[in-house]
Amino acid sequence: MEPRFFADCQARVAADLISGRWPMVVLYSLAHGPARPGELRRQIGGISQKVLTETLRRLEHNGLVERQRYAEAPPRVEYSLTTAGQDLLVPIRALGDWATVYADRLPTENKP
């Protein structure tokens, strides 16, 4: 019997972790090392501070990023990938490779 994509399927759980417009982008942006929220916003572009904060909190809650707070004045915060977040870059990069090949062939909201 062929596997199905049931609600409790492990693959579906994983897909839920990165669903939405920003989680994969934020994870990919952290691929080269820790970054402060302002750096991430500049690097990503088009993401509001509120949405970035919500996305980082969700990724932290799910164990994909770590938040490091430094006791300085003014306070400094950096985010970095956990081991699970680093491992998740493998399928994210594979999806990016797929998109490079097929994106122009797919219908989008901007195309007729």
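For the structure itself, consult the block above.
Residues numbered from 1 in each chain as written. Predicted model: local features only at pLDDT ≥ 70, side-chain atom pairs only at ≥ 80, totals over all residues. Heavy atoms only, no water.

Enquirer: Give a detailed account of the overall build of the protein, specifying residues and quantitative values.
Expert: Scanning the protein for helices and strands turns up five helices and two strands. If you list the helices and strands of the protein from N to C, you get α-α-α-α-β-β-α. Here the protein, with 112 residues, has 27% of them falling under the buried criterion. At a minimum sequence separation of 6, the contacts of the protein that also span at least 24 residues come to 47%. Only carbon and sulfur atoms are counted for the fraction: they give 53% of the accessible area of the protein, which is about 8200 Å². (Helix = DSSP H or I, 4+ residues; strand = E, 2+ residues; numbered from the N terminus. Buried < 20%, exposed > 50% of the residue type's maximum accessible area, 1.4 Å probe, protein only. Contact = heavy atoms within 4.5 Å. Areas by Shrake-Rupley, 256 points an atom, 1.4 Å probe, with all protein chains shown as cover.)

Enquirer: Run through the pattern of salt bridges, naming residues and quoting values.
Expert: Summed over all chains, the structure comprises three salt bridges. As a salt-bridge pair, Arg76 and Glu72 come within 3.1 Å of each other at their nearest N and O atoms. Between Glu78 and Arg76 there is a salt bridge, with its nearest N and O atoms 3.3 Å apart. We note that Glu78, like Arg76, is buried. Each of Glu72, Arg76 and Glu78 takes part in salt bridges that share partners, so that together they form one network. (Salt bridge = Lys/Arg side-chain N within 4 Å of Asp/Glu carboxyl O.)

Enquirer: How would you summarise the nonpolar core if you had to cite specific residues and measurements?
Expert: Judged by nonpolar contacts, the single largest core of 20 residues is most densely connected at Val26, Leu27, Leu30, Leu40, Ile44, Leu52 and Val65. Of all the secondary-structure elements, those providing two or more residues to this core are α2 (23–29), α3 (37–44), α4 (49–61), β2 (76–81) and α5 (83–102). Excluding residues that lie within four positions of it along the chain, Leu52 makes contacts with Val26, Pro37, Leu40, Arg41, Ile44 and Ile47. (Core = buried A, V, L, I, M, F, W, Y, C linked by side-chain atoms within 4.5 Å.)

Enquirer: I'd like to hear about α3, residue by residue, with values.
Expert: Regarding α3, the residues found buried are Pro37, Leu40 and Ile44. For α3, the angular spread of buried residues about the axis comes to 60°, placing them on one side. Looking at the buried side of α3, the elements it contacts are α2, α4 and β2. Looking one or two residues beyond α3, the residue adopting positive phi is Gly45, at roughly 70°. (Arc of directions from axis to C-beta.)

Enquirer: Describe the pairing of strand β1 (residues 65–70), and please don't skip the residues or the numbers.
Expert: Bridge analysis of β1 against β2 gives six bridges, and the strand direction is antiparallel. For Glu66, the partnering residue across the bridge sits in β2 and is Ser80. Hairpin connection of β1 to β2: five residues between the antiparallel strands. (Pairing = 2+ DSSP bridges.)

Enquirer: Quick one: what's the story with the packing of aromatic side chains, residue by residue and with numbers?
Expert: In total, this model carries one aromatic pair according to the counting rule given. Cation over ring: Arg76 sits above Tyr70, and NZ or CZ is 3.9 Å from the ring centre. (Phe/Tyr/Trp six-rings, centres within 6.5 Å; stacked < 30°, edge-to-face > 60°. Lys NZ or Arg CZ within 6 Å of the ring centre and 35° of its normal.)

Enquirer: Tell me about the side chain of Thr82, and please be specific about residues and values.
Expert: Relative to the assigned elements, Thr82 resides in the loop between β2 and α5. By relative accessible area, which is 14% here, Thr82 ends up buried.

Enquirer: Before we move on, could you go through the pairing of β2 and cite the residues and values that matter?
Expert: In terms of burial, β2 is largely enclosed, as six of its six residues are buried. Of the two faces of β2, the one holding Arg76, Glu78 and Ser80 and the one holding Val77, Tyr79 and Leu81 are both buried throughout.

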